[in-house]
Structure formats: C-alpha cells, structure tokens
Amino acid sequence: MARINSPMDVFKLTDGSNCRACNEKTCMAFGVAVFKGRKNLDQCPKIAPEVLAQYQDATDRPDTIDEFMQQAVEELQEQIPDIDMAEAARRTAGEFDGQKLTLRVMGKAFSVDRAGSLSADIHINAWVAMPFLNHVLHCRGEALTGEWITFRELKGGPERYNHFQQNCEKPLKHLADTYTDLFSDMLDVFAGRRVQTHIDSDISVVLHPLPLLPVMCCYWEPEEGMGSSLHLFFDKSADQQLDAESIYTLLAGMVKMFEKIAARNQSGPS
Ligand code: SF4
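Residues numbered from 1 in each chain as written. Predicted model: local features only at pLDDT ≥ 70, side-chain atom pairs only at ≥ 80, totals over all residues. Heavy atoms only, no water.

### What to know about the overall build of the protein chain
In step 1: Across its full length, the protein chain holds 10 helices and 9 strands.
In step 2: Along the first, second and third principal axes, the C-alpha set of the protein chain runs to 75 × 40 × 40 Å.
In step 3: The buried share among the 270 residues of the protein chain stands at 46%.
In step 4: Taking as baseline every contact in the protein chain between residues at least 6 positions apart, the subset at least 24 positions apart corresponds to 58%.
In step 5: As displayed, the protein chain has an accessible area near 14300 Å², and 47% of this comes from carbon and sulfur atoms.
In step 6: Charge centroids of the protein chain, computed over 27 positive and 39 negative side chains, lie 5 Å from each other. (Helix = DSSP H or I, 4+ residues; strand = E, 2+ residues; numbered from the N terminus. Buried < 20%, exposed > 50% of the residue type's maximum accessible area, 1.4 Å probe, protein only. Contact = heavy atoms within 4.5 Å. Areas by Shrake-Rupley, 256 points an atom, 1.4 Å probe, with all protein chains shown as cover. Lys, Arg positive; Asp, Glu negative; His and termini not counted. Charge placed at Lys NZ, Arg CZ, Asp CG, Glu CD.)

Next up, the structure:
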C-alpha cells in the first residue's frame, strides 16, 4: 500500500487546480488537512477512485510528542514568509538585519530568516522553537509592567496549571535541590540576573526566555523540617506577549535544557 509521509504527498495526488470543492482554499491546504487527520483523501473529487484505493489508511501521522512538536514547528515556519519581519522585530524587541530576525533566548542569539529557517547559538529544540515562532507571529509588543504574577494568574493559566507544575516547577525544584550549580549556570551561562524582591525567597533570579518574557525563579531552601520550594513568576504582560500554552511549552523546554546540562556536568569527566 502507498504511504503518505507529508502534505506534499497529498498535494501531488490532486490536480493542483485549487478548485475549493474540498472546502480548503488550496490543494496544499488540503494536503496539510489530510496529513493532520482533519480531512480524508476522498474529500477531493479530483482524485480517482483507483488512486484512493491505493492510499487507504496511508497517512503517517506523528505518534510521539516530539514528532507532534516538530510538525507544529514546521507549520509555524510556513507562516513566516507572510509577515513583515521589520515590524515583527519591533513587536518582539528583536533585531532585523534585512535577512533574519534575531531574538535573545536566555541570552543566546536565536534567529529565523525570511523563509522560516531557524538558526541559533543554542541547540534548537522544538519545545523552544515552537513558542519562539508563535511569539514572532503573534506577540503584541506590550510594554513590561514590572509586576510579577503566578502562572495561574495568566489568561489560560488555570487550565494548564497542573501541567505547568508537573513539567516546569516540580522538576526545576528537584534540580535546585540536587544540582548545586543550577543558579550559577542561570547567572553565568544564561544571562540571568539576581534580584531582591518583596517575595522573601533565599534566591531570586530573573531569566529572559524571550526579551519581552522575563521569568523570575524564586527558591526557598529547606529548613527546620520544612522542605524546599520553588516558584516561577511572570510579568503581568506575559499573556499579551505569548499564549499560556506556549509559555508553558517554552518553560518546559527551558527545564529540559537545564536537566541536560545538569546530567552532563554531574556525570563529569570519565
Ligand atoms: S478539491 Fe482537490 S483539486 Fe480542488 S482544491 Fe481541494 S484538493 Fe485541490
């Protein structure tokens, strides 16, 4: 049986006429819809029955979270050629050199060019690339307020708070408890800034996963029978810069990055 491995495989089966009989604007959009499982191949009347028969159950959809994320990144990359990059640079506090837009992600250069191709001074993982692209496409460019709030207070935060706790705050607290260089890495490697706040934490570090998305990490050391705790805070404007789902994804990606660094450093030279 023939296989469908990409939207282009579907597109090639259509006649390319963009006739809209399938209720999609273009044959390529139909290809994406079939690939993602929103449409069936037989909704294009231009594909002959004998061809349809060859492709029954042929869609190769992503079956892991990382494959799904990678596919989402590719779909966002396809939208980049349609935006005004200079205007996007203004909205995101980035730099546009005429070819590519560069933002500082945790202090490191992270760029997208006019064609949607990504390049960076850090490893490009889909957990960071997806929110980066969403930010470039949709950020409103609001000014920072200087007021810190919890994830739960963000628009869309309460619905995702369980995931945020499980995949962001909890593993980061575990790292802070077990990897003693975590906060010096944040300061020295990722351009973090130690701050004093009204929150009475033992350590408070502000990081910039995106220029307009500062995150304050506050850690309370264990004492007198009480366990440690760690909480992340966001500028009150955060949900105007990025949707809560993308903020969660970005922070989960950041935590994965710290976990990798800790594992590498803790294993030490053999
Ligand atoms: S019905 Fe078929 S040919 Fe017409 S736009 Fe959709 S995919 Fe293209």
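### Concerning the domain arrangement of the protein chain
In step 1: Its domain assignment divides the protein chain into domain 1 (7-54), domain 2 (65-138) and domain 3 (148-267).
In step 2: Here domain 2 and domain 3 have C-alpha centroids that lie 22 Å from each other.
In step 3: With 18 residues of domain 2 at the interface, the matching set in domain 3 holds 21 residues.
In step 4: Three residues, Met106, Trp127 and His135, lead the burial of domain 2 against domain 3; their summed loss comes to 44% of the area buried on that side.
In step 5: At the junction of domain 2 and domain 3, the tally comes to 0 salt bridges.
In step 6: Counting across the interface, domain 2 meets domain 3 through 3 residue pairs in polar contact (both at pLDDT 80 or more).
In step 7: Only α5 (85-92), β2 (100-105) and α6 (126-138) provide two or more residues apiece to the side of domain 2 that touches domain 3.
In step 8: Examining the composition of the side of domain 2 that touches domain 3, we find that 7 residues originate from one element, α6, more than from any other.
In step 9: The class makeup of the residues in the side of domain 2 that touches domain 3 is 10 nonpolar, 5 polar and 3 charged. (Domains from an automatic or database assignment. Buried area = accessible area lost by both parts, 1.4 Å probe. Salt bridge = Lys/Arg side-chain N within 4 Å of Asp/Glu carboxyl O. Polar contact = N/O pair within 3.5 Å; in protein donor to acceptor, adjacent residues only side chain to side chain. Nonpolar A, V, L, I, M, F, W, Y, C, P; charged D, E, K, R; others polar.)

### Description of the nonpolar core
In step 1: In this structure, Phe132, Leu172, Phe183, Leu232, Phe234 and Phe258 are the most contacted members of the largest nonpolar core, which totals 64 residues.
In step 2: Ranked by the residues each element gives to this core, the list is headed by helix α10 (residues 244-267), at 12 residues.
In step 3: Counting only domains with at least three residues in this core, you end up with domain 2 (65-138) and domain 3 (148-267).
In step 4: For Leu172, the contacting residues outside a window of four places in its chain are Leu182, Met186, Cys217, Leu230, Leu232, Val255 and Phe258.
In step 5: With 12 residues, the next largest nonpolar core counts Ile4, Val34, Leu41 and Ile47 among its residues. (Core = buried A, V, L, I, M, F, W, Y, C linked by side-chain atoms within 4.5 Å.)

### Here we look at the pattern of salt bridges
In step 1: The full count for this structure, using the stated rule, is 7 salt bridges.
In step 2: With a closest N to O distance of 3.1 Å, Glu87 and Arg91 form a salt bridge. Here Glu87 and its partner Arg91 are both found in helix α5, 4 residues apart, which amounts to about one turn of the helix.
In step 3: The class of Glu87 is partly exposed, set by a relative accessible area of 30%.

### Topic: unusual backbone geometry
Trans peptide bonds make up most of the peptide bonds, and negative phi angles are found at most residues other than glycine.
In step 1: Even without glycine at this site, Met106 takes up a positive phi of about 55°.
In step 2: In this fold, Met106 is placed in the loop between β2 and β3 (108-113).
In step 3: Since its relative accessible area comes to 3%, Met106 is described here as buried.
In step 4: Residues other than glycine seldom take positive phi values, yet Glu224 does so here, at roughly 40°.
In step 5: Here Glu224 lies in the loop between β8 (213-220) and β9 (229-235).

### Thoughts on the site of the ligand
In step 1: The ligand sits among 13 residues. The nearest are Asp15, Cys19, Cys22, Cys27 and Cys44.
In step 2: When grouped by side-chain class, the residues that make up the shell around the ligand number 7 nonpolar, 3 polar and 3 charged. (Near = heavy atom within 4 Å.)

### Topic: the packing of α5 against α6
In step 1: It is at 8 Å that the axes of α5 and α6 come closest, and there the two elements cross at 105°. Looking at the two axes, α5 sits roughly perpendicular to α6. Across the interface between the two elements, Ala88, Arg91 and Thr92 of α5 pack against His135, Val136, Leu137 and His138 of α6.
In step 2: Partitioning the contact of α5 with α6 into residue classes produces 3 nonpolar, 3 polar and 1 charged. (Axes fitted to C-alpha atoms, helices over the stretch in contact; angles between N-to-C directions. Parallel < 35°, antiparallel > 145°, perpendicular 65-115°, else oblique.)

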